Amino acid sequence: MKKISLLIFCALLLGSVVFGQKNQSAKNAWWKSTVVYQIYPRSFKDSNGDGIGDLQGVTQRLDYLKNLGVETIWISPFFKSPMDDNGYDVSDYEAIDPLFGTMADFDEMLREMKKRRMKLVIDLVLNHSSDEHRWFQEARKSRDNPYHDYYIWKDGVKGTPPNNWISFFTPSAWEWNEATGSYYLHLFSKKQPDLNWDNPKLRQEMYKMMRFWLDKGVEGFRMDVIPFISKDRNFPDMDLSKGELSKILKGIVVEGPRMHEYLQEMNREVLSKYDVYTVGEGFGVGVETVLDYVAPERKELGTVYHFDHMDIDRENFIAPKPYQPINLKRVLNRWNAVLQNKAPNTFYLGNHDQARSLSRFGSEKYPKESAKMLATLLFTYNAIPFVYQGDEIGMTNYKFKTIDEFNDISAKGAYQTFLQRGLSPEKAVEMLNVTSRDHARTPFQWDDTKHAGFSNGAATWLKVNPNFATVNAKSAQADADSIWNFYRQILALRKKTPALQIGAMEDIDAENPSVYSYLRTDGKNQFWVVLNMTEQTIDYKPTRDFSKTKLVLLNYKAAKNWTLRPFEARIYQIR
Ligand code: TEU
Ligand code: CA
């Protein structure tokens with residue numbers, strides 16, 4: 001009798017551990033109120049003087065991040081890679097690239113994060129591998145190789161690709177393979193062959209790899225170009241006249257026929273068994289389809305992030321067009337309307353694929369004011385905020401002089417395209433100086449010493465922005481009025497204020513072209529955010545008259561009635 005009750009007790013205990021874990025991914029999941037900080041490890045901190053950031057460098061700077069007030073850290077890929085796309089071309093998903101360190105360095109980094117109660121989100125590149133991955137090395141040998149079907153092949157004649165599919169980095173998405181007498185698909189560089197998710201064996205390999213990292217204690221996944229994993233196997237030509245990349249690719253390689261089936265399977269087999277945060281890189285995901293990924297009953301992903309606001313001042317990411325704040329407001333309001341009360345939203349102003357947000361949506365003429373206004377927007381909009389490394393100290397775009405100063409494969413591809421269109425080399429560099437991904441990748445500016453304290457080696461892999469003498473973490477931490485200290489304040493405010501984390505949001509001046517004025521309410525508390533998104537001084541007429549308000553945060557010394565100075569940002573509590 002005793003034995004039996006002991007057994008039942010153990011079974012109950014086990015059950016509650018297992019189910020307790022699962023339940024966390026439901027209603028009160030930790031990640032719904034978190035703030036994510038993104039690290040691009042190549043550019044964060046070099047610990048061994050080879051000029052390239054690494055995992056030990058990250059570990060050295062965890063206190064810096066803790067001190068800033070962020071808990072969840074997403075690190076861009078650090079897996080074994082030939083670095084054709086700086087790590088987004090993975091040749092071994094379960095190994096650390098020697099440039100970034102060793103598995104022991106990873107384990108130590110994770111241990112140190114956990115000590116500080118930080119969560120680690122790693123970057124999964126599930127759509128493609130490197131051509132140097134063992135699977136592809138096998139796959140390309142012959143048509144009957146057991147790994148052949150891990151990739152996507154199509155017959156054709158050498159020199160004439162099977163259809164008109166385009167790639168992000170090269171004109172055609174097809175590359176000829178001599179040994180098999182066929183083409184393989186690569187939507188990114190030819191060193192990034194697309195994996196064949198229609199093959200159940202490949203899917204199981206990916207799930208196994210995900211479990212490997214979860215079992216190590218990783219608590220989140222950012223999933224690179226996740227809407228790309230299912231392709232239309234009739235291989236229809238793309239309608240290139242649609243202009244916008246996301247429209248050209250839709251249904252054919254983006255949000256293809258079986259994508260949701262695979263996401264549901266992944267959830268069933270892996271994600272549902274762990275307390276794990278997921279964010280899909282939602283290339284091509286619009287408000288029309290987002291809920292298919294993130295509505296809880298769909299059992300797919302926790303969140304996705306979209307590109308809609310990245311399009312408002314660019315054609316297909318690369319050709320600049322003028323930025324207007326009203327367009328940013330419209331995108332943000334549209335997404336909030338669809339997700340509010342249904343599923344958590346996400347929001348970022350920059351990442352490793354984008355120019356610096358201060359240079360883009362703020363102004364280098366008003367670096368402090370505009371970066372603080374953008375931070376106010378980032379942390380008070382109704383979404384999980386993603387901070388990109390360096391934004392908290394006001395890092396700006398670097399002025400590249402010639403094409404040789406760029407590193408990024410996409411900058412080099414775009415440069416060639418611009419020249420073919422008849423642009424001069426100077427004009428091409430001028431365009432890249434607005435849009436290049438390398439702006440986000442210049443080394444983090446830690447202090448005013450050599451290489452901005454990023455590395456003590458002879459040279460850094462990408463040039464350091466010469467403004468490091470004034471723009472650096474050390475001086476920012478010492479200056480009470482710095483962007484960094486404003487981040488700390490607003491992060492602390494957000495942390496203790498549920499209304500700012502998950503409260504409903506309402507734009508109370510939607511048609512105003514320059515001022516964003518909105519409320520955040522959770523039933524108990526109400527906050528009112530007013531942002532001058534321009535460098536003009538504005539005599540503002542609030543659209544509502546609140547009888548009692550208390551100013552809780554401001555990016556200037558004192559508020560002057562309703563004269564909003566350039567990029568002025570205010571948060572009021574309404575009583
Ligand atoms: O980005 C996907 C993607 O759509 C980008 O290539 C985008 O088109 C471009 O950066 C805009 O300038 C992800 C990663 O974030 C990126 O770094 C990788 O290069 C890409 O996937 C391939 O893995
Ligand atoms: Ca290094």
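J.: Please set out the overall build of the chain residue by residue, giving values where relevant.
T.: Each helix and strand in the chain was counted, giving 17 helices and 22 strands. Against the 2.2 N^0.38 benchmark of 25 Å for 575 residues, the chain shows a C-alpha radius of gyration of 24 Å, consistent with a compact globule. By its C-alpha atoms, the chain is 85 × 75 × 50 Å across when sized along the principal axes. A total of 575 residues make up the chain; the buried ones form 60% of that total.

J.: I'd like a rundown of the coordination of the calcium ion (ligand 2), residues and numbers included.
T.: Metal coordination angles have textbook ideals: 109.5 degrees for a tetrahedral set of four donors and 90 or 180 degrees for an octahedral set of six. Coordination of the calcium ion (ligand 2) by the protein is provided by Asp46 (OD), Asn48 (OD1), Asp50 (OD), Ile52 (O) and Asp54 (OD), with metal-donor distances spanning 2.3 to 2.4 Å. If you list the donors of the calcium ion (ligand 2) from N- to C-terminus, the spacing comes out as D-x1-N-x1-D-x1-I-x1-D. A residue is classified by how much of its surface remains accessible, and Asp46, at 2% relative accessible area, is buried.

J.: Describe the environment of Tyr366, and please don't skip the residues or the numbers.
T.: Relative to the assigned elements, Tyr366 resides in the loop between α11 (357–361) and α12 (367–380). Its relative accessible area of 24% is what places Tyr366 among the partly exposed residues. The residues touching Tyr366, leaving out its near neighbours within four places in the chain, are Ala371, Glu535, Pro566 and Phe567.

J.: Tell me what's going on with the site of ligand 1, and back it up with residues and numbers.
T.: Taken together, 17 residues surround ligand 1, and among them Asp85, His128, Asp224, His352 and Asp353 come closest. Side-chain polar atom of Arg437 to an oxygen atom of ligand 1: 2.9 Å apart, as the coordinates give it. With the chains in place, 97% of the 490 Å² that ligand 1 exposes on its own is no longer accessible. Each residue belonging to the shell around ligand 1 can be placed in one class, and the counts come to seven nonpolar, three polar and seven charged.

J.: I'd like to hear about the sheet that holds strand β18 (residues 526–532), residue by residue, with values.
T.: Taken in spatial order, the five strands of this open sheet run β16-β17-β18-β22-β20, and their pairing is antiparallel. Lying at the two open borders of the sheet, with one neighbouring strand each, are β16 (504–507) and β20 (549–554). This sheet shows a mean twist of 25 degrees between the axes of neighbouring strands, independent of strand direction. Its contacts with the sheet put α12 on β17 (515–521), β18 and β22 (569–574), and the angle it makes with β18 is roughly 145 degrees.

J.: Can you explain the sheet that holds strand β15 (residues 384–388)? Please cite residues and give values.
T.: Taken together, eight strands build an open sheet; the order of strands is β11-β10-β9-β5-β2-β1-β15-β14 and the sheet is parallel. Bordering the open sheet on either side are β11 (303–305) and β14 (346–348), each of which pairs with just one other strand. Each neighbouring strand pair of the sheet contributes to a mean axis angle of 25 degrees, computed without reference to strand direction. With three bridges joining them, β14 and β15 adopt parallel strand pairing. By the bridge assignment for β15, Tyr348 is matched with Phe386.

J.: I'd love a proper account of the confidence of the model for the chain, names of residues and values included.
T.: Summarising the model, the chain shows a mean pLDDT of 95, and 95% of its residues fall at 70 or more. Predicted confidence is poor over residues 15–25, with pLDDT under 50, and the contacts of this stretch with residues over four places away or in other chains come to ten contacts.

J.: So what's going on with the side chain of Thr396? Residues and values would help.
T.: Checked against the element boundaries, Thr396 lands in the loop between β15 and α13 (409–420). Take Thr396: its relative accessible area is 9%, and that puts it in the buried class. Setting aside anything within four residues of it in sequence, one finds Thr396 in contact with Arg356, Leu358, Ser359, Glu364, Asn465 and Asn467.

J.: Quick one: what's the story with a positive patch on the surface, residue by residue and with numbers?
T.: A contiguous patch of positive charge on the surface is contributed by Lys496, Lys548, Lys550 and Arg575. Position of Arg575 among the secondary structure elements: in the segment after β22.

J.: I'd like a rundown of unusual backbone geometry, residues and numbers included.
T.: Of note in this structure, Val225 is not a glycine but carries a positive phi near 25 degrees. Inspection of the secondary structure puts Val225 in the loop between β9 (220–223) and α7 (245–249). Positive phi, close to 50 degrees, is recorded for Lys299, a residue that is not glycine. Among the structural elements, Lys299 can be located in the loop between α9 (290–294) and β11. Its relative accessible area of 55% is what places Lys299 among the exposed residues.

J.: So, the pattern of salt bridges: which residues are in play, and what are the values?
T.: Across all of its chains, the model carries 45 salt bridges by this definition. Residue Arg222 pairs with Asp224 through a salt bridge whose shortest N-O separation is 2.7 Å. For the pair Arg222 and Asp224, one class covers both residues: buried. Ionic pairing is found between Lys250 and Glu255, a salt bridge with its closest N-O pair at 3.2 Å.

J.: Residues and numbers for the packing of aromatic side chains, please.
T.: Geometrically, a pair of aromatic rings is defined through the distance of the ring centres and the angle of the planes. If you walk through the whole model with that rule in mind, you get 54 aromatic pairs. Arranged with centres 4.6 Å apart and planes meeting at 10 degrees, the rings of Phe168 and Phe188 form a pair that is stacked. Of this pair, Phe168 sits in the loop between β6 (153–155) and β7 (174–177) while Phe188 sits in the loop between β8 (182–185) and α6 (200–216); the two residues are 20 residues apart in sequence, bridging distant segments of the chain. Note on Phe188: relative accessible area 9%, which makes it buried. Between Trp176 and Tyr183, the aromatic rings sit 5.1 Å apart at their centres with planes inclined by 70 degrees, giving edge-to-face as the arrangement. Across the pair, Tyr183 and Trp176 agree in class, each one buried. An aromatic cluster is built from Trp74, Phe168, Phe169, Phe188, Phe228, Phe283, Tyr305, Phe307, Phe317, Tyr348 and Phe386, whose rings are joined through pairwise contacts. In this arrangement the basic side chain of Arg570 is found over the ring face of Trp562, its NZ or CZ atom lying 4.8 Å from the centre.

Conventions we followed
Residues numbered from 1 in each chain as written. Chains lettered and ligands numbered in written order. Predicted model: local features only at pLDDT ≥ 70, side-chain atom pairs only at ≥ 80, totals over all residues. Heavy atoms only, no water. Helix = DSSP H or I, 4+ residues; strand = E, 2+ residues; numbered from the N terminus. Rg over C-alpha atoms; globule rule 2.2 N^0.38 Å. Buried < 20%, exposed > 50% of the residue type's maximum accessible area, 1.4 Å probe, protein only. Donors = N, O, S within 2.8 Å, 3.2 Å for Na, K, Ca; no water. Contact = heavy atoms within 4.5 Å. Near = heavy atom within 4 Å. Polar contact = N/O pair within 3.5 Å; in protein donor to acceptor, adjacent residues only side chain to side chain. Areas by Shrake-Rupley, 256 points an atom, 1.4 Å probe, with all protein chains shown as cover. Nonpolar A, V, L, I, M, F, W, Y, C, P; charged D, E, K, R; others polar. Pairing = 2+ DSSP bridges. Axes fitted to C-alpha atoms, helices over the stretch in contact; angles between N-to-C directions. pLDDT = per-residue confidence, 0-100. Patch = residues over 30% accessible without salt bridge, like charges linked within 9 Å, V, L, I, M, F, W, Y side chains within 5 Å. Salt bridge = Lys/Arg side-chain N within 4 Å of Asp/Glu carboxyl O. Lys, Arg positive; Asp, Glu negative; His and termini not counted. Charge placed at Lys NZ, Arg CZ, Asp CG, Glu CD. Phe/Tyr/Trp six-rings, centres within 6.5 Å; stacked < 30°, edge-to-face > 60°. Lys NZ or Arg CZ within 6 Å of the ring centre and 35° of its normal.

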